[in-house]
Amino acid sequence: MRPVSRRVFAAAALSTLVTAPGAAAAPGGAPAAGVAPAPGGAAVPRRRDSAELRGVWLATVDNRDWPTKPGLTAAAQRAELIAHLDRAVRDRLNTVILQVRPTADALWPSPHEPWSEYLTGTQGRSPGWDPLGTAVAEAHARGLQLHAWFNPYRIALHADPARLVASHPARRHPDWVVRHGGRLYYNPGLPQVRAFVQDAMLDAVARYPVDAVHFDDYFYPYPVAGQSFDDDAAYDAYGGGFVNRAAWRRDNIDKLVRETAARIRQLRPGTQFGISPFGVWRNTSSDSRGSDTRAGVQTYDDLHADTRKWVREGWLDYIVPQVYWNIGFAAADYARLVPWWAEVAKGTRTRLYIGEALYKTGAAGQPAEWQDPAELSRHLTLAAGHAQVRGHVFFAARDLARDPIGAMARVVADHYRQPAQPPR
């Protein structure tokens, strides 16, 4: 199968969700508390205040959204980028989350890592312009925030270090690298790796006035049947003070999050830090504090990412759980997960936004709910009944532009009639 984006990896993980017959479905069409009927029957949230994040992810890994293919001229790449920004403005969005480090590479002239192959087709080859610098300037000129999206530990969507450019840090430090599931990853258990990836990512923050640093859902990789992540040597060296390997791994990711937050505040005060995790922290069958779900993947147990803790400890400015299921989906119901996340965020400094599966709307193979143009609009209506939900982010830019069944047009008509400023 051709390498694909992070959200498709997440979708693959969802195939392990156990659908429990008889699970109660939430009401799909009635307006939630705090919304008013609009002309034509659509439900429009009553505005709690003027600040609401309306975002879209712009993925570059494997040329998912942009550029449409590697090797385009600098002018063509720039034109495609501008078109995505202009589309965001037309849909009255206010934030673009641009993937600038998809696979231990860079969409800016980094002293730490090579230019991304998704620009030119050859890793390390300059595209002849500065995509991140241009994106920041052009987004700000349009009144958009630009959040720089980084993947901390993924090196490559293949497992052959010889395919990396000769100067790549992973080739200079082969002891940093773990092969897993046909891919290459940096080992999160090595302190030198954690320091390096922070240096590599924060170089962009030092150079450009990005509005936020954004991580996605990849920490330790998603489970692969019959395989284990080989970090034995690192665990022997650094895991002695922990009750088990899982606790040590969670501490490694906690340190990455906590240290990155502190370094951002020191380097460029006012720059936000946000993370978009897989939507299920833990099921109630694993932890009484978990959500009423039956997910086959749990971030706490499988990705070693204690996303609930990060919110409760106030390490993040915002969190965007990927709640990529329809209202009434038995194993992971949108109508159950949004209230759970709202309760997690309640009383904390961390703003809650909801990640929305725009890519599923009208897609072949998706169930009937995703063939209904009103499904996403109902999501926003339901979420508006929870004061902690301060906005939504849509995956992803290509789907925003295509909008095959008009689902995004319905969201704009029902909920985004007027512009809004994002929370700060």
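You'll find the structure just up there.
Figured I'd write up the structure that's included with this text. (Residues numbered from 1 in each chain as written. Predicted model: local features only at pLDDT ≥ 70, side-chain atom pairs only at ≥ 80, totals over all residues. Heavy atoms only, no water.)

Looking only at helices and strands, one finds 14 helices and 13 strands in the protein chain. Buried positions account for 59% of the 424 residues belonging to the protein chain. In the protein chain, the proportion of contacts linking residues at least 24 apart, taken out of those at least 6 apart, comes to 75%. Total accessible area on the protein chain is roughly 15700 Å²; 50% of this is exposed by carbon and sulfur atoms. (Helix = DSSP H or I, 4+ residues; strand = E, 2+ residues; numbered from the N terminus. Buried < 20%, exposed > 50% of the residue type's maximum accessible area, 1.4 Å probe, protein only. Contact = heavy atoms within 4.5 Å. Areas by Shrake-Rupley, 256 points an atom, 1.4 Å probe, with all protein chains shown as cover.)

This part is about the environment of Asp306. Residue position: Asp306 is located in the loop between helix 9 (299–303) and helix 10 (307–312). Classification of Asp306 as buried rests on a relative accessible area of 11%. Between the alpha carbons of Asp306 and Arg282 there is a distance of 9.4 Å; along the sequence they are 24 residues apart. Ignoring any residue separated from it by four or fewer positions in sequence, one finds Asp306 in contact with Arg250, Asp254, Trp281 and Tyr300.

This part is about helix 8 (residues 245–267). Compared with the 33 Å implied by 1.5 Å per residue over 23 residues, the 33 Å span of helix 8 between its first and last C-alpha is a close match. Backbone nitrogen of Ala246 and a side-chain oxygen of the N-cap are separated by 3.2 Å at the start of helix 8; the cap is Asn244. (Expected span 1.5 Å × (residues − 1). Polar contact = N/O pair within 3.5 Å; in protein donor to acceptor, adjacent residues only side chain to side chain.)

Across the sheet, 3 strands lie side by side as 6-8-7; this open sheet has antiparallel pairing. Sheet topology places strand 6 (154–156) and strand 7 (177–180) at the edges, where each strand pairs with a single neighbour. Strand-to-strand twist in this sheet, taken as the mean axis angle between neighbours without regard to direction, amounts to 35°. For strand 7 and strand 8 (residues 183–186), the ladder comprises 4 bridges, and the chain directions are antiparallel. Pairing of His180 across the sheet is with Arg183, part of strand 8. (Pairing = 2+ DSSP bridges. Axes fitted to C-alpha atoms, helices over the stretch in contact; angles between N-to-C directions.)

This next bit is on the packing of aromatic side chains. All chains considered together, the criterion is met by 21 aromatic pairs. Between Tyr185 and Phe229 the ring centres are 6.4 Å apart and the planes differ by 70°, which places this aromatic pair in the edge-to-face class. Within this pair, whereas Tyr185 is found in strand 8, its partner Phe229 is found in the loop between strand 9 (212–215) and helix 7 (232–238), the two being separated by 44 residues in sequence. On the numbers, 4.9 Å between centres and 90° between planes, the contact of Trp340 with Trp341 is edge-to-face. (Phe/Tyr/Trp six-rings, centres within 6.5 Å; stacked < 30°, edge-to-face > 60°.)

It is worth spelling out the packing of helix 6 (residues 191–207) against helix 8 at this point. With their axes 11 Å apart at the nearest point, helix 6 and helix 8 run at an angle of 30° to one another. The angle between helix 6 and helix 8 places the two elements in the roughly parallel class. Considering the relative orientation of helix 6 and helix 8, their crossing is right-handed. Judged by residue contacts, Arg194, Ala195, Val197, Gln198, Asp199, Leu202, Val205 and Ala206 of helix 6 engage Asn252, Lys255, Leu256, Glu259, Thr260, Arg263, Ile264 and Leu267 from helix 8. Across the contact of helix 6 with helix 8, the residue classes tally to 8 nonpolar, 3 polar and 5 charged. (Parallel < 35°, antiparallel > 145°, perpendicular 65-115°, else oblique. Left-handed = near helix turned anticlockwise from the far one by under 90°. Nonpolar A, V, L, I, M, F, W, Y, C, P; charged D, E, K, R; others polar.)

Moving on, we come to the side chain of Asp105. Along the polypeptide, Asp105 turns up in the loop between strand 4 (95–101) and helix 3 (117–120). Buried charge without a salt bridge: Asp105, with Arg101 as the nearest opposite-charge side chain at an N-O distance of 6.3 Å. Within the local environment of Asp105, its side chain forms a polar contact with the side chain of Thr103, the two groups lying 2.8 Å apart. A distance of 3.1 Å separates a polar atom in the side chain of Asp105 from a polar atom in the side chain of Ser116. (Lys, Arg positive; Asp, Glu negative; His and termini not counted. Salt bridge = Lys/Arg side-chain N within 4 Å of Asp/Glu carboxyl O.)

Viewed as axis vectors pointing N to C, helix 11 (residues 334–345) and helix 12 (residues 375–383) meet at an angle of 35°, and their least axial separation amounts to 10 Å. Helix-helix and strand crossings are classified by hand; for helix 11 and helix 12 the assignment is right-handed. Counted together, Tyr334, Ala335 and Val338 of helix 11 and His379, Leu382 and Ala383 of helix 12 form the full contact between these two elements. Counted by class, the contact of helix 11 with helix 12 contains 5 nonpolar, 1 polar and no charged residues.

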